[in-house]
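Residue-level structural notes
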Amino acid sequence: MQLVAKVYLFRSPYTICFISEDSVTLSNEGKYKSIGVNVIKKKVISGDELSKNVNVRSSNRKILKLSTTALFLQPFLRECLNSNIYRTNVLLHLNKLSEETNSRTVFLKLILEPPDREVIDYVWNDKMLHLIWMRVEIENAFSWLSTLGGAYSALGDYFEHCAEEAGRISIRQYKLSKMLGDEGLAARSRLYSALAYAQKGQLKLSRHIIRNVAAFARDIHDNRLNRMCQGVWAKIKYLKQLKCSAYSEK
């Protein structure tokens, strides 16, 4: 017993679906993916080959017609693929409806229309809402830290404890940027920490950080980040000159 179904989805060109007691076959492999059904790779049977498998011509056969929503297709084909009992019952039921007891082939015209109401995945919606709000809060915290870090960095030239606090803020910014998955923000946070190290007199460590960030900026072709590296490098040169002049005066 076998079923030959012409599937019409949203007035698009129809797809032939061949269902027998042993298997379910669509006209090409892409059709499985388009409806979200995963199958083990096998030889794909074309529409012409499907028609050859039909024992009786459809011109003199009664064709069943079913109109339903598009949400019906995926679970229907999945169950036909996974359950031999379900597939057999479908064939028996449709054969009974066709009122053709002498034939073992049933022809079905399956028309799929857009559903009146879309199915909402509330669990996934809650997860996405949580992630979105978490990102918003992280970006908000990053903005506040940038403002606060800039103030401490400006005072770091005159007060060492302000430079230390600016360094701690840059570390928090680095952690937040990693949570956001933004490598560009992470690189900028490293530049802020390099500036804080320079203000505390650790010029060698600061230069090492800037070189690494500059190499990263060249790799990703980020001109803005590259200019920031140049600006921090100029700041380090200025601090080094101040340090040298202080030693010369002594």
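Analysis parameters
- Residues numbered from 1 in each chain as written.
- Predicted model: local features only at pLDDT ≥ 70, side-chain atom pairs only at ≥ 80, totals over all residues.
- Heavy atoms only, no water.
- Helix = DSSP H or I, 4+ residues; strand = E, 2+ residues; numbered from the N terminus.
- Buried < 20%, exposed > 50% of the residue type's maximum accessible area, 1.4 Å probe, protein only.
- Contact = heavy atoms within 4.5 Å.
- Areas by Shrake-Rupley, 256 points an atom, 1.4 Å probe, with all protein chains shown as cover.
- Core = buried A, V, L, I, M, F, W, Y, C linked by side-chain atoms within 4.5 Å.
- pLDDT = per-residue confidence, 0-100.
- Patch = residues over 30% accessible without salt bridge, like charges linked within 9 Å, V, L, I, M, F, W, Y side chains within 5 Å.
- Salt bridge = Lys/Arg side-chain N within 4 Å of Asp/Glu carboxyl O.
- Axes fitted to C-alpha atoms, helices over the stretch in contact; angles between N-to-C directions.
- Parallel < 35°, antiparallel > 145°, perpendicular 65-115°, else oblique.
- Left-handed = near helix turned anticlockwise from the far one by under 90°.
- Arc of directions from axis to C-beta.
- Phe/Tyr/Trp six-rings, centres within 6.5 Å; stacked < 30°, edge-to-face > 60°.
- Pairing = 2+ DSSP bridges.

In the annotation of an unreviewed UniProt entry, the entry for the protein chain reads (African queen) hypothetical protein, and the organism field reads Danaus chrysippus.

A tally of regular secondary structure across the protein chain gives 9 helices and 5 strands. The N-to-C order of helical and strand elements in the protein chain reads β-β-β-α-α-β-α-α-β-α-α-α-α-α. Across the 250 residues that make up the protein chain, the buried fraction comes to 34%. For the protein chain, restricting intrachain contacts to residue pairs at least 6 apart in sequence, the fraction spanning at least 24 positions comes to 61%. A total accessible area of about 16,600 Å² is found for the protein chain, and carbon and sulfur atoms account for 55% of it.

In this section: the nonpolar core. Among soluble globular proteins, nonpolar side chains are generally buried collectively. Formed by 18 residues in total, the largest nonpolar core has its most connected members in L3, C17, I19 and L94. Elements with a contribution of two residues or more to this core: strand 1 (2-9), strand 2 (15-20), helix 3 (73-82), helix 4 (84-98) and strand 5 (105-113). Core analysis: the next-biggest nonpolar cluster, separate from the first, contains 16 residues, L195, V213, A214 and V232 among them.

Once that is clear, we can look at the confidence of the model for the protein chain. Of all residues in the protein chain, 78% attain a pLDDT of 70 or more, and the chain-wide mean is 78. When the elements of the protein chain are averaged for pLDDT, helix 2 (residues 47-52) gives the smallest value, 47, and helix 8 (residues 203-220) the largest, 91. Note on residues 41-59: pLDDT is under 50 here. Beyond four places in sequence and across chains, it has 36 contacts.

With that settled, consider a nonpolar patch on the surface. The grouping of W124, M128, L129, L131, I132, W133, M134 and V136 at the surface amounts to a nonpolar patch, some 780 Å² of accessible area in total. Structurally, the position occupied by L131 is in helix 5 (residues 122-155).

All right, on to the packing of helix 3 against helix 4 then. At their nearest, the axes of helix 3 and helix 4 sit 5 Å apart, and the two run at 115° to each other. Considering the angle they form, helix 3 stands roughly perpendicular to helix 4. The interaxial crossing formed by helix 3 with helix 4 has left-handed handedness. For the pair helix 3 and helix 4, contact is made by F76, E79, C80, L81 and N82 and by N84, Y86, R87 and V90, respectively.

Summarising the element assignment, Q199 is placed in helix 7 (residues 183-199). With a relative accessible area of 13%, Q199 lands in the buried category. Residues in contact with Q199, not counting those within four places in the same chain, are S153, G156, D157, A163 and L239.

Among all positions of helix 3, only L73, F76, L77 and C80 are buried. Down the axis, helix 3 shows its buried residues gathered within 90° of arc, on one side only.

Under the defined criterion, the tally for this structure stands at 1 aromatic pair. With a centroid separation of 6.3 Å and an interplanar angle of 70°, the aromatic rings of F76 and Y86 are classed as edge-to-face. Of this pair, F76 sits in helix 3 while Y86 sits in helix 4; the two residues are 10 residues apart in sequence, bridging distant segments of the chain.

Now for the pairing of strand 5. Strand 5 sits mainly inside the fold: 7 of its 9 residues count as buried. As paired elements, strand 4 (residues 63-69) and strand 5 share 7 bridges and run parallel to each other. By the bridge assignment, S67 is partnered in strand 5 with I111.

A few words on the pattern of salt bridges. Within this structure, the stated rule accounts for 5 salt bridges. Between E165 and R168 there is a salt bridge; the shortest N-O distance is 2.7 Å. Of this pair, E165 and R168 both sit in helix 6 (residues 160-180), separated by 3 residues, roughly a single helical turn. You can call R168 partly exposed: its relative accessible area is 40%. Of the charged contacts, one joins K178 and E183 as a salt bridge, the two residues approaching to 3.1 Å between their closest N and O atoms. Salt bridges here are not isolated pairs; linked through shared partners, they connect E165, R168 and R172.

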